[in-house]
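Below, each chain spelled out in residue letters.
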Amino acid sequence: MTWTAVIPVKRLPVAKSRLRGAVAPDRHEELVLAMVQDTLAAVRACPAVRETLVITDDPAVSAAAGALGARTAPDAPDGGLNAAMRYGADELAGPAANRFTLTADLPALRDADLSAALEAGSASGAAPGRWFVPDAAGTGTVLLAAAAGARLDPRFGPGSAAAHARSGARAWPGDWPRLRQDVDTAADLRAVLALGPGPRTAALLRDLGRTGGRGSARRPAA
Ligand SMILES: Nc1nc2c(ncn2[C@@H]2O[C@H](COP(=O)(O)OP(=O)(O)OP(=O)(O)O)[C@@H](O)[C@H]2O)c(=O)[nH]1
Ligand SMILES: C=C(OP(=O)(O)O)C(=O)O
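Attention in this report is confined to the structure presented alongside it. Bear in mind the structure is a predicted one, so any value in this text is a computation, not a measurement.

Moving on, we get to the site of ligand 1. Close contacts around ligand 1 come from 17 residues, with Pro8, Ser17, Arg18, Ala84 and Ala104 the closest. Going through the elements one at a time, strand S1 (3–9), strand S2 (49–56) and helix H3 (81–93) are the ones with two or more residues in the shell around ligand 1.

The following block contains the structure:
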């Protein structure tokens, strides 16, 4: 089974506002972009992903996504992340494709984790056409998939795991810590440091004097 990935990314100056203060203010956008790039690189390396579609109005994100082989489109609906996801999945990719949407704040993601999740989600013939992977906390969502023929019907936002379950999507809370660790806060960034971030996020954090090496849980100096 092959997939189209739909990845929405906010404009960098306003992105990841809850993470502000985790690094120096003048490095915040760089950090967000590095996390986007590491997420995208893992998605692009996943053999089951046929196409990656990034929905964004940010020129730096578009350029970086294009360099990684993703297709980019402006956030035409300009109505928040669910509208951007619906637009990408149901209008641009279209319901004839198997699609999934993924948040762009998963810098520890590796293609093997994504491959395992896509395999698990698609393996269940009895599952409804929609399924999702909750975030590490279990309350949010990192991935929502819709098989061909099903609408994506995304309900991201606070309490989205319960909202997706209520909407009839099946939960797949698998043992994929690198997929499930999104970064909303400074504490999440520390969790990513412990897992081992992808190369761009690791390099930036090292440059900032933080330990970005794989497997290190050391709390960096501020
Ligand atoms: N294209 C697009 N992407 C969005 C929009 N809002 C959020 N996103 C993206 O959706 C994903 C999940 O969003 P959040 O984790 O809430 O990220 P965020 O909105 O940047 O974070 P906060 O400012 O802290 O709420 C991230 O990849 C965001 O970049 C939007 O209005 N348009
Ligand atoms: C939008 C979501 O993510 P976050 O927790 O990153 O806001 C979500 O989990 O639905």
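It is worth spelling out the nonpolar core at this point. In terms of nonpolar packing, the biggest core is built from 63 residues, with Ala5, Ile7, Val36, Val43, Leu143 and Leu179 touching the most fellow members. In terms of residue count, helix H1 (residues 28–44) provides more of this core than any other element does, 10 residues in total. Apart from the residues within four sequence positions on either side, leucine 179 is in contact with Leu106, Leu109, Asp113, Leu114, Ala117, Val133, Val142 and Leu143.

This part takes up the pairing of strand S5 (residues 130–134). Along S5, 5 of the 5 residues are buried, which leaves the element largely enclosed by surrounding structure. Burial along S5 is two-sided: Arg130, Phe132 and Pro134 and Trp131 and Val133, pointing in opposite directions, are all buried. Bridge analysis of S5 against strand S6 (residues 141–146) gives 5 bridges, and the strand direction is antiparallel. Bridging across to S6, phenylalanine 132 finds its partner in leucine 144. Connecting the antiparallel pair S5 and S6 is a turn made up of 6 residues, with glycine 138 showing a positive phi of about 90°. Relative to strand S7 (residues 170–171), S5 is paired through 2 bridges, and the arrangement is parallel. Paired with tryptophan 131 across the strands is arginine 170, a residue of S7.

The rules we used
- Residues numbered from 1 in each chain as written.
- Chains lettered and ligands numbered in written order.
- Predicted model: local features only at pLDDT ≥ 70, side-chain atom pairs only at ≥ 80, totals over all residues.
- Near = placed C-beta within 6 Å.
- Helix = DSSP H or I, 4+ residues; strand = E, 2+ residues; numbered from the N terminus.
- Core = buried A, V, L, I, M, F, W, Y, C linked by C-beta atoms within 7 Å.
- Buried ≥ 20, exposed ≤ 12 C-beta atoms within 10 Å, placed from the backbone.
- Contact = placed C-beta atoms within 7 Å.
- Pairing = 2+ DSSP bridges.

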